[in-house]
2 protein chains.
Amino acid sequence: MGERAERRRRLQSKMKETGIDAFLITQNVDLYYFVGSVQTGYLVVPSAGEATYFVRRSVVRAKEEADVAVEELSSMRGFGTRLAQSYPELFGKPEGEKTIVAAEYDVLPVQQFQRLEGALPGARWVDGSMLIRELRMIKSAGEIEAIRQSARVIDIAYETAFAAIKPGLSEVELMAVVESVIRHNGHMGLMRVRGYNQEIITGMIGAGAAAAMPTYFDGPAGGQGLGAASPQSSGRRPIGADEPILIDIGCCIDGYVIDQTRTAVIGELAEDLALAYEVSETILRETEARLKPGTVCEELYEAALEHARAAGLGDHFMGFGADQVKFLGHGIGLEIDELPVLAKGFRYGLQPGMVIAIEPKFTFPGRGVVGIENTYAITETGFEKLTLSREGIATVSRQM
Amino acid sequence: MGERAERRRRLQSKMKETGIDAFLITQNVDLYYFVGSVQTGYLVVPSAGEATYFVRRSVVRAKEEADVAVEELSSMRGFGTRLAQSYPELFGKPEGEKTIVAAEYDVLPVQQFQRLEGALPGARWVDGSMLIRELRMIKSAGEIEAIRQSARVIDIAYETAFAAIKPGLSEVELMAVVESVIRHNGHMGLMRVRGYNQEIITGMIGAGAAAAMPTYFDGPAGGQGLGAASPQSSGRRPIGADEPILIDIGCCIDGYVIDQTRTAVIGELAEDLALAYEVSETILRETEARLKPGTVCEELYEAALEHARAAGLGDHFMGFGADQVKFLGHGIGLEIDELPVLAKGFRYGLQPGMVIAIEPKFTFPGRGVVGIENTYAITETGFEKLTLSREGIATVSRQM
């Protein structure tokens, strides 16, 4: 059985467990995961039997890409009748009998959902998004290899950016160096994020006070950005000497993202910032020591927070004050914000195949952000570090 | 009154006309339009009186950016009570009396909507997305100036890309040239699109057969892309001689996008393709002749389609066969897919302040796409062409 057929089979097994008769999948990334295509349409997965991909556009392309039957869906009118023809047992029930149909409530817009409700009056709708997110949490060997490839490219980009650092260069000019390298090495030109209203701009290269500015982005370091229309990530501020330069970057190759952070400086960091950086590495090492099947996600966050507090850095951990975020790491794969999250309330035990970006960072308002971020795959016996870039504070001479 | 206060006043006026008591706005771009900030939260606009921006993150940043009162919203629990305190006449009604509350159904995910329903049991919800999209359809002088700035940058990028064209260079390498130029000139690093599952990758540079490949992207030219995970825009195929190179690019500066297309060739185009290009320019000229207040949007599409058919190019107009798109142009501003659309069913009369990208193109499967796209602002007496780049087929010598 192909990898994607196996994924659909696992989804069906979950659907049976939870009493779902059919799943209508329509988000790009979920479509790619289950059939290998992002063409616009609905993938209908019945609780048993074969799935069908009803495609609006492009049908031609979907037929080339997808590993299931593709049918043209010219309009929503008649979609109910089409489903009843394809799946009479599920969608051809007598009036009054309901079919339990799941959709991706976490991403599906209300307007589109209401059109589905109109098209399928016999459906009782349920939120199936956690089912999909939990399946996607465990990566196959092929997915992990795709992330390794992104890790190799981001390492090249990091070394190129590091070599380009000089006083007076702006954050966004340094980011342009990264973007050029990753684009020439297969980066798709965007990184996907699931959270509503969240946006990723290749990550964030931020120096000094600018890096420490909080933003709407759900991460420990925000960045000044290029104005109120884009108030995150890199800005026009020139990089100065003796301030931390946070190089938090990613790329997306063949759909799979990597996320890594390194801290650099022109000259040297103040002692307390250098110490905070050391604490971030120590937390990462302590986290690594527990990265193996069975460890509970929230415990990794709690241990890291405890360590930060014991080091007198509790207020600076993962952001500052009211803008602190309450996690240590996050799953990555086709999207940057996958499960599991290393945060309170996430009781998942680690499992082989999880891929997690772990990013202990410390924010000092007015001064900058220091920290490190590696991406790891959980293995049968522990972990594989997918991130390749050298660690430690990367220092550029003040005399250039 | 400031520009954004005026926008809120116009929204309130529309709300009164349509019987809406309050509008809860939460999408990034709409927030930016109405208060000048994209921080995560809900902007509550009552049908009369002052709006309040309830912000989850970052409150600090929202207070700096927004021109309305900002209140912290730590969780959805108690949001209803907070609203009843702030707006007792609207949200403090006796049990059984409903408040009509609008939300952006076209973008708001079902899960988040259901949380809102839970938080405000006294609300009767309605879709307000068209109200906002129609307000945003008419740009202010400041917005048009922002788009002019993006037009200036994309002209520089186009000239730089054109100078870089040589046989054997891949589409994506040429796109990387564009991306580097726009990034160094203020491009935010992404272009926003409203449509669910739609993605923009700086536009599309596509040559020959690759450009003519259809995609999920709702435009006349798709592109091969970088694999099934990103099956649109530029790909790795080397650009060859005597094939059309479609350079459809945009950028986003201070939140505002531009969209323009030019056709280039190394050597020369086959006669029929060159002729089709000429038809696209003629259609553009004929459209321009009618670009003034009062002209009905759909009539511009119909006239263009009619012209294409009369030229024997009906099957190639705006895509080929089943993958044709049924429009001639689209509004642009903060997003690439704004109102009005020049398409059947869009009965809007043109009005001063509308900004529209008009893109007559012809697709030849296996051979390529030719065409042109300019962005225009509608004025009191006609139009201003915002696009600056020279027109005509841009020719590169085969002997380089």
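Residues numbered from 1 in each chain as written. Chains lettered and ligands numbered in written order. Predicted model: local features only at pLDDT ≥ 70, side-chain atom pairs only at ≥ 80, totals over all residues. Heavy atoms only, no water.

The name given to chain A in an unreviewed UniProt entry is Xaa-Pro peptidase family protein, with Paenibacillus hodogayensis as the source organism.

As a further point, take the pattern of salt bridges. All names here are of chain A. For the coordinates displayed, the defined rule picks out 66 salt bridges over all chains. Across the salt bridge formed by Lys361 and Glu373, the nearest N and O atoms sit 3.9 Å from each other. Here Lys361 is found in strand E13 (residues 361-364), whereas its partner Glu373 is found in the loop between strand E14 (368-371) and strand E15 (374-378), with 12 residues between them in sequence. Comparing Lys361 with Glu373, the two get one shared label, buried. Taken together, the salt bridges that share partners define one network made up of Asp30, Asp106, Arg136, Lys139, Arg194, Glu335 and Glu338. (Salt bridge = Lys/Arg side-chain N within 4 Å of Asp/Glu carboxyl O. Helix = DSSP H or I, 4+ residues; strand = E, 2+ residues; numbered from the N terminus. Buried < 20%, exposed > 50% of the residue type's maximum accessible area, 1.4 Å probe, protein only.)

A few words now on the domain arrangement of chain A. Residue and element names in this part refer to chain A. Partitioning chain A into structural domains gives domain 1 (3-135) and domain 2 (138-396). Residue-level contacts link 14 residues of domain 1 with 12 residues of domain 2. In terms of surface lost to domain 2, no three residues of domain 1 exceed Val29, Tyr32 and Arg133, which account for 40% of the buried area on that side. For the pair domain 1 and domain 2, the interface holds 3 salt bridges. (Domains from an automatic or database assignment. Contact = heavy atoms within 4.5 Å. Buried area = accessible area lost by both parts, 1.4 Å probe.)

We now examine the interface of chain A and chain B. With 67 residues of chain A at the contact, the number on the chain B side is 67 residues. With both chains or domains summed, chain A and chain B bury close to 5600 Å², and 50% of this area falls on carbon and sulfur atoms. The largest contributions to the chain A side of the interface with chain B come from Arg57(A), Arg183(A) and Tyr196(A), which together make up 15% of the buried area. Between the two partners, chain A and chain B, sit 6 salt bridges. Between Arg57(B) and Asp323(A) there is a salt bridge, and its shortest N-O distance comes to 4.0 Å. Applying the counting rule to chain A against chain B returns 38 residue pairs in polar contact (both at pLDDT 80 or more). Elements with a minimum of two residues in the side of chain A that touches chain B: helix H2 (28-35), helix H3 (59-65), helix H6 (110-119) and helix H9 (171-184) of chain A. The element that contributes the greatest number of residues to the side of chain A that touches chain B is H9(A), accounting for 7 residues. Partitioning the side of chain A that touches chain B into residue classes produces 27 nonpolar, 26 polar and 14 charged. (Polar contact = N/O pair within 3.5 Å; in protein donor to acceptor, adjacent residues only side chain to side chain. Nonpolar A, V, L, I, M, F, W, Y, C, P; charged D, E, K, R; others polar.)

So, about the UniProt feature "domain: Peptidase M24" (unreviewed entry) in chain A. UniProt's feature table lists "domain: Peptidase M24" (unreviewed entry) at residues 145-380 of chain A, given in the numbering used throughout. In residues 145-380 of chain A, the share of helix is 30% and the share of strand is 22%. The end C-alpha atoms are 16 Å apart. (UniProt positions renumbered as here; feature names shortened; annotations may be inferred.)

The tally for this structure, following the rule as stated, stands at 18 aromatic pairs over all chains. Ring centres of Tyr105(A) and Phe113(A) lie 5.2 Å apart, and the angle between their planes is 65 degrees; this geometry places the pair in the edge-to-face category. Like Tyr105(A), the residue Phe113(A) is buried in the burial classification. When the ring of Phe346(A) is compared with that of Tyr348(A), the centres are 6.4 Å apart and the planes differ by 35 degrees; the resulting orientation is tilted. Overall, the relative accessible area of 25% leaves Phe346(A) in the partly exposed class. Among the aromatic side chains, those forming a connected cluster through ring pairs are Tyr42(A), Phe54(A) and Phe79(A). Sitting over the face of the ring of Tyr33(B), Arg7(B) holds its NZ or CZ atom 4.2 Å from the ring centroid. (Phe/Tyr/Trp six-rings, centres within 6.5 Å; stacked < 30°, edge-to-face > 60°. Lys NZ or Arg CZ within 6 Å of the ring centre and 35° of its normal.)

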